[in-house]
Amino acid sequence: MDSLLYLLVYPQRPLLTTKTIELVGYDKLGAGQNATVAVMSYSGYDIEDAIVMNKASLDRGFGRCIHMKRYCAVNQKYDNNTQDRILRPNRDGTDSGPMRVLDDDGLAAPGEIIRRNDILINKQVPVVTRGQFKSALNDSEFKSVPQRYDGPQGESCVVDKVALCSDKHNNLCFKFLIRHTRRPEVGDKFSSRHGQKGVCGTIVQQEDFPFSERGICPDLIMNPHGFPSRMTVGKMIELLGGKAGVSCGRFHYGSAFGEPGGHADKVEAISETLVRMGFSYDGKDFIYSGITGCPLQAYIFMGPIYYQKLKHMVLDKMHARGSGPRVSLTRQPTEGKARNGGLRVGEMERDCLIAYGASMLLYERLMISSDPFEVQVCRVCGLLGYYNHKLKTGICSSCKNGDNISTMKLPYACKLLIQELQSMNIVPRLKLAEA
Amino acid sequence: MEGKSYQRVPRVKIREMRDDYMKFELRDTDASVANALRRVMIAEVPTVAIDLVEIEINSSVLNDEFIAHRLGLIPLTSDRAMSMRFSRDCDACDGDGQCEFCSVEFHLRAKCHSDQTLDVTSKDLLSSDHTVVPVDFSDSAGMESSEQKGIIIVKLRRGQELRLRAIARKGIGKDHAKWSPAATVTFMYEPDIRINEELMDMLTLDEKKAWVESSPTKVFDFDPKTEKVVVVDPEAYTYDDEVIKKAEAMGKPGLVDIIAKEDSFIFTVESTGAVKASQLLLNAIEVLKQKLDAVRLSEDTVEADDQFGELGAHMRGG
C-alpha cells in the first residue's frame, strides 16, 4: 500500500486546458499552480534546466506542500501464546526525551511535534516467543523495542493521525500518519505540463527579480535554452494563452493544432486579445532589472504557466556520512541513503585522481577510508598466512613456518578475491618488493 | 579636492493619491536612486505581521501550520511599526518578543454552532492594541456590502472550533514577504515621444490610422478634424517598439522618435493596506536615509553600532 501522500497547500486550476483535460476532469485535480514565468537567463543558477524562484512567492505559499508518511507498528502475537505489549512511557527515565510525544497509552499523540529519533510507540517484545505455552509474563521476560521516527534530521514534523486496526493475521496494528509542511528549497524539482522539468537552482529576493512597468514580477525564471532542442511549442502557447486568459478573464483552450471548427484558441486570436489588453502580440514584455533598475536589453517572454511540484525533494535525498556501517562480506562501507551509506569514489572519479597524480588522496579514499586489512604474506610461496597471537609472529600455513613472513596492508576486498580464487583452484601469489 | 558638484535635488510630483495607491513622478535623479527607493519599499520598510501562533484548539479542516501561514499573511495596520522595536533587540523582554514594545497579541475564538458554514475572517482576530488591527478593506474599496467581510482564514462546519493566540511582531520584507508593505511598486522611465511632422504629413489618412492602431496601448490618436496624429498618452507607451517597426514597414523610418528620459521616473505604488501608500514612500525614504548614514559612519564602527545597532552591523556585512 502507499505509505506516502503529497498535498499541495494552495492548488490552482490551470488557466489553459484542453478539451481532453476537461473530459478527464484533470483540471479539477489541482495538481499545480499558475506561475508567472519569465523566459530569460538570470544569475547562472539556471543552467541545465534549473529554475530561479522568487522568495516572496515562496513566502506567500507557492509550491508549498504537505508531505504525509505512514508508519506502522504491529502488536504481534506469538506461537507460545505470548504477545507484544505497549507500555505507558516512563516520564522521568533515561528515555523521557524521545518519549515526550507519547500519550499515556504508549502511542504518539496526534498533534504532537515529532523529531527524528523520537519514539512513536513504546513497545516491548517477549524474550522467548517459541516453545511451550506461557501465560502471564513478568517484566523481566520482555525486552524493549521502541519504534523510532526516522524522518529528516532537524525538521519538526507533526503526528497527524493515529489509527488502530487489525491486520490480516488478526494482530493489533497501529498506524501513524506523520505530516510535514515543506516550502520549496534549492534542489526541489518542478515541472510544467510539457515535461519541462527542472530543479530550483536558487531562490532570489523579490526586489532583485525583474519587474515590468505594470508591476508584474515573475514567480520563477526559466532559461530559454530549454526550448530549442525540446521543441515544446505547447509551453509557449500555454504562456500566451495563459497571459490572454488572466488579462481578459476567460479560461483558454490550448488544444493541439487549433483546426478550424475546433474550440481551441488559436495563437492569432490570443495575440489579438493580448494587444487588446495592452500587451505586445508576441507575449514579450519590456522588463526592468530589479538589481539595477535599468531596462533589460531584450523583451522578455513572460506569462503564466501551470507548474507542478514533483515529489523529488532534496530533503528526502540529502545524505552525507562520516563513519558508519559496513557490509560484512567485503567490509566496505554500505551503499545508499537508507543504510546510511558512503559516497562511492567510482571508476571515473578514481581516474581523475590518477590523472591528477593525487596518489595519497587516492590511497586514503580507496584504502584507509574503505576496507584496510592487515595480512601476513609469505615471501617464499606468495600465499597469505596468519598471525599467531601466542607466538606473536606471522606463520605461513603452506610453508609451515614463520621465517619469511611480511606484514602488509591491502583492501579486504582484495584478500577476499584471493581467497575466493583459491577456493576455485586458482592460486594467486603475491610477489613482494621493498617499498 | 575641488570639483564640480554632481549633487542634484530630485523633485517629486504626486499625481494621484489614495490610501492604497499612489502615482508620482520622480525627476532629476538616476535609475539607481529610483531603484533603491523601489527596493526599500518592497523589502525594508518595516510592518507588523503575525509571527508566532499558539493554537489551543483546532478542529477545522486546515492543519495548524496552514492556518499559521495564513494568519501571517494577513496585513495589519502598521503605522506604529517604524517606532516599534524588533523583538530580537528589544531590551524589555530579553528578546523573547512578548512585551508591549515589540509585539502585539491577538486572540481568535470561533466555533460554528449552526448548520451553515462559518467563515472565520480577519475580523475575528481580536487585537490587544487598537493601533495594530487587521486591515479593513471594506470602506477603501468603496463597496457598500451589507456584511463587512475580512480576509477569510478558514471555514468551519458545525461543531468545529478554532481557538488560538497569535503574536505579531515587527519585521521587514526581506525576511518574509508577509512583512512587505508593498503590493506592487514599480516605475517606468518617462518616454519622450516626438513625431516627425514632415514625414507624418506624407502619409495618407489610412496609413496614419493604421499606424496609430499598430500600438498595443493607446499612445497616439488620430484627430479627424486636423487630420493629424497626436500623442494622447505618452505614458501608455510600453517601449514595445511596435510603432517604430510599423513606421519602418511603411517605408518611413524616423517617423517617430521615442527616447526614455533617463532622469525622470513615474512610480506606481500600491500598498497592502498595512501603511498608506504615501506613508510607505515617506518611510522608505527614512529607511534609505538611515542606511546611507550607516554607510557614511561605517568607518567609525563603534559609534555606528551605538547609533544604528542592527542596521549598522548589517551595512558592514555583519
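Residues numbered from 1 in each chain as written. Chains lettered and ligands numbered in written order. Predicted model: local features only at pLDDT ≥ 70, side-chain atom pairs only at ≥ 80, totals over all residues.

Trainee: How should the overall build of chain A be read in this particular structure?
Mentor: Across its full length, chain A holds eight helices and 25 strands. Over its C-alpha trace chain A gives a radius of gyration of 32 Å, far above what one expects of a compact globule, namely 22 Å for 435 residues. Along the three orthogonal principal directions, the C-alpha set of chain A runs to about 95 × 70 × 45 Å. Put simply, 63% of the contacts in chain A that link residues at least 6 apart link residues at least 24 apart. (Helix = DSSP H or I, 4+ residues; strand = E, 2+ residues; numbered from the N terminus. Rg over C-alpha atoms; globule rule 2.2 N^0.38 Å. Contact = placed C-beta atoms within 7 Å.)

Trainee: Sorry if this is basic, but what is going on with the interface of chain A and chain B here?
Mentor: Where interface size is quoted, it is often the accessible area lost as the parts come together. Listed by partner, the interface residues are 24 residues for chain A and 28 residues for chain B. If you list the elements that add at least two residues to the side of chain A that touches chain B, you get α2 (55-59) and β13 (172-182) of chain A. For the side of chain A that touches chain B, a count of residues per class yields nine nonpolar, nine polar and six charged. (Nonpolar A, V, L, I, M, F, W, Y, C, P; charged D, E, K, R; others polar.)

Trainee: Help me out: how do you make sense of the packing of helix α3 (residues 233-248) of chain A against helix α4 (residues 267-276) of chain A in this one?
Mentor: A pair of packed helices is characterised by two quantities: the angle between their axes and the separation of those axes. Residues and elements named next belong to chain A. Look at α3 against α4: their axes get within 9 Å of each other, and the N-to-C directions meet at 40°. On the basis of the axis angle, α3 is oblique to α4. Of the two possible hands of crossing, α3 and α4 adopt the one that is left-handed. Along its contact with α3, which presents Ile 237, Leu 240, Gly 241, Lys 243, Ala 244 and Cys 248, the element α4 presents Val 267, Ile 270, Thr 273 and Leu 274. The class makeup of the residues in the contact of α3 with α4 is seven nonpolar, two polar and one charged. (Axes fitted to C-alpha atoms, helices over the stretch in contact; angles between N-to-C directions. Parallel < 35°, antiparallel > 145°, perpendicular 65-115°, else oblique. Left-handed = near helix turned anticlockwise from the far one by under 90°.)

Trainee: Which parts of the structure should I look at to understand unusual backbone geometry?
Mentor: Although it is not a glycine, Asn 425 of chain A sits at a positive phi angle of roughly 65°. Its identity is not glycine, yet Tyr 239 of chain B carries a phi of approximately 55°, on the positive side. Residue placement: Tyr 239 of chain B occurs in the loop between β11 (228-231) and α5 (242-249). Here Tyr 239 of chain B falls in the partly exposed class, since 18 other C-beta atoms lie within 10 Å of it. (Buried ≥ 20, exposed ≤ 12 C-beta atoms within 10 Å, placed from the backbone.)

Trainee: How should I be thinking about the UniProt feature "domain: RNA polymerase Rpb2" (unreviewed entry) in chain A in this particular structure?
Mentor: Mapped onto this numbering, the UniProt entry annotates "domain: RNA polymerase Rpb2" (unreviewed entry) at residues 341-431 of chain A. Each end of residues 341-431 of chain A is marked by a C-alpha atom, and these two atoms are 34 Å apart; helix forms 35% of the span and strand 22%. (UniProt positions renumbered as here; feature names shortened; annotations may be inferred.)

Trainee: Whenever I open this one, helix α2 (residues 64-72) of chain B confuses me. Can you help?
Mentor: For an α-helix the count is 3.6 residues per turn, leaving residues at separations of three or four pointing the same way. Across the nine residues that make up α2 of chain B, a large majority, seven, are buried. Burial in α2 of chain B covers these residues: Phe 66, Ile 67, Ala 68, His 69, Arg 70, Leu 71 and Gly 72 of chain B.

Trainee: How should the sheet that holds strand β12 (residues 256-271) of chain B be read in this particular structure?
Mentor: Working definition: the strands of a sheet are paired by backbone hydrogen bonds and lie parallel or antiparallel to each other. Residue and element names in this part refer to chain B. Strands sit in the order β1-β2-β12-β9 across an open sheet of four strands; the sheet is antiparallel. Two strands bound the open sheet, and with one partner strand each, they are β1 (11-17) and β9 (182-195). Within this sheet the neighbouring strands show an average axis-to-axis angle of 30°, counted without direction. Helix α6 (residues 277-296) contacts β1, β2 (21-27), β9 and β12 of the sheet and is inclined by roughly 105° relative to β12. (Pairing = 2+ DSSP bridges.)

Trainee: For this particular structure, what's the right way to read the pairing of strand β5 (residues 65-75) of chain A?
Mentor: Consecutive side chains along a regular strand alternate between the two faces of the sheet. Residue and element names in this part refer to chain A. Sheet analysis places strand β1 (residues 4-8) next to β5, joined by five bridges and oriented antiparallel. What sits directly across from Tyr 6, in β5, is His 67. Sheet analysis places β5 next to β13, joined by 11 bridges and oriented antiparallel. Note on β13: the bridge partner recorded for Ile 66 is Thr 181.

Trainee: Help me understand the nonpolar core in this model?
Mentor: Nonpolar side chains in soluble globular proteins generally cluster together in the buried interior. By size, the foremost hydrophobic cluster in this structure holds 59 residues, and its most contacted members are Met 41, Ala 168, Val 269 and Leu 280 of chain B. The greatest single-element share of this core, amounting to six residues, is contributed by helix α1 (residues 31-43) of chain B. Among the nonpolar cores identified, the runner-up in size contains 40 residues, and Ala 38, Val 39, Phe 190 and Tyr 288 of chain A belong to it. (Core = buried A, V, L, I, M, F, W, Y, C linked by C-beta atoms within 7 Å.)

Trainee: Would you mind showing me how to read the sheet that holds strand β10 (residues 142-144) of chain A here?
Mentor: All names here are of chain A. What the three strands build is an open sheet, ordered β6-β9-β10; its pairing is antiparallel. Where the open sheet ends on each side, the last strands, each with one partner, are β6 (85-86) and β10. Bridge count between strand β9 (residues 123-126) and β10: three bridges; the pairing is antiparallel. If you follow Val 125 over to β10, its bridge partner there is Lys 143.

Trainee: Explain the packing of α1 of chain B against α6 of chain B to me, please; I cannot follow it from the model alone.
Mentor: Residues and elements named next belong to chain B. As a packed pair, α1 and α6 sit with axes 9 Å apart at the nearest point and diverge in direction by 105°. One element, α1, and the other, α6, form an angle in the roughly perpendicular class. Between α1 and α6, the contacting residues are Ala 36, Leu 37, Val 40 and Met 41 on the first element and Leu 280, Ala 284, Val 287 and Leu 288 on the second. Tallied by class, residues from the contact of α1 with α6 come to eight nonpolar, no polar and no charged.

Trainee: What am I meant to see in α3 of chain A here?
Mentor: Residues and elements named next belong to chain A. Counted at 1.5 Å a residue, the expected span for α3 with its 16 residues is 22 Å, and the 22 Å between its end C-alpha atoms agrees. Of all the residues in α3, the buried ones are Lys 235, Ile 237, Glu 238, Leu 239, Leu 240, Gly 241, Gly 242, Lys 243, Ala 244 and Gly 245. The secondary structure elements touched by the buried residues of α3 are β2 (16-17), β3 (32-39), β14 (189-192), β18 (252-253), α4 and β21 (300-309). (Expected span 1.5 Å × (residues − 1).)

Trainee: Could you clarify how one ought to interpret the environment of Arg 339 of chain A in this entry?
Mentor: All names here are of chain A. Checked against the element boundaries, Arg 339 lands in the loop between α5 (314-317) and α6 (347-356). For Arg 339, a count of 13 C-beta atoms within 10 Å puts it in the partly exposed group. Between the C-alpha atoms of Arg 339 and Pro 325, which are 14 residues apart in sequence, the distance is 7.6 Å. With residues up to four places along the chain from it excluded, the contact list for Arg 339 reads Pro 325 and Thr 334.

Trainee: I would appreciate a short explanation of the confidence of the model for chain B in the present structure.
Mentor: In low-pLDDT segments, the atomic positions of the prediction should not be examined closely. All names here are of chain B. When pLDDT is averaged across chain B, the result is 84; 88% of the residues are at 70 or more. Across chain B, the secondary-structure element scoring lowest on mean pLDDT is helix α7 (residues 301-308), at 56, and the one scoring highest is α2, at 93. As a predicted assembly, this complex carries a pTM of 0.85 together with an ipTM value of 0.85. (pLDDT = per-residue confidence, 0-100.)

Trainee: Is there a simple way to explain the confidence of the model for chain A in this structure?
Mentor: Taken residue by residue, chain A gives an average pLDDT of 90. The fraction at 70 or more is 100%. Across chain A, the secondary-structure element scoring lowest on mean pLDDT is β10 of chain A, at 87, and the one scoring highest is α6 of chain A, at 96.

Trainee: Looking at this structure, I do not really get the environment of Leu 125 of chain B. What am I missing?
Mentor: Residues and elements named next belong to chain B. Locating Leu 125 in the fold gives a position in the loop between β5 (118-121) and β6 (126-127). Taking the C-alpha atoms as reference points, Leu 125 and Arg 109, separated by 16 residues in sequence, lie 8.0 Å from one another. If we ignore the near neighbours within four places in the chain, the residues touching Leu 125 are Phe 106, Leu 108 and Pro 134.

Trainee: Sorry, what's going on with the environment of His 113 of chain B here?
Mentor: Position of His 113 of chain B among the secondary structure elements: in the loop between β4 (103-111) and β5. Expressed as a C-alpha distance, the spacing of His 113 of chain B and Leu 288 of chain B, which sit 175 residues apart in the sequence, is 51 Å.

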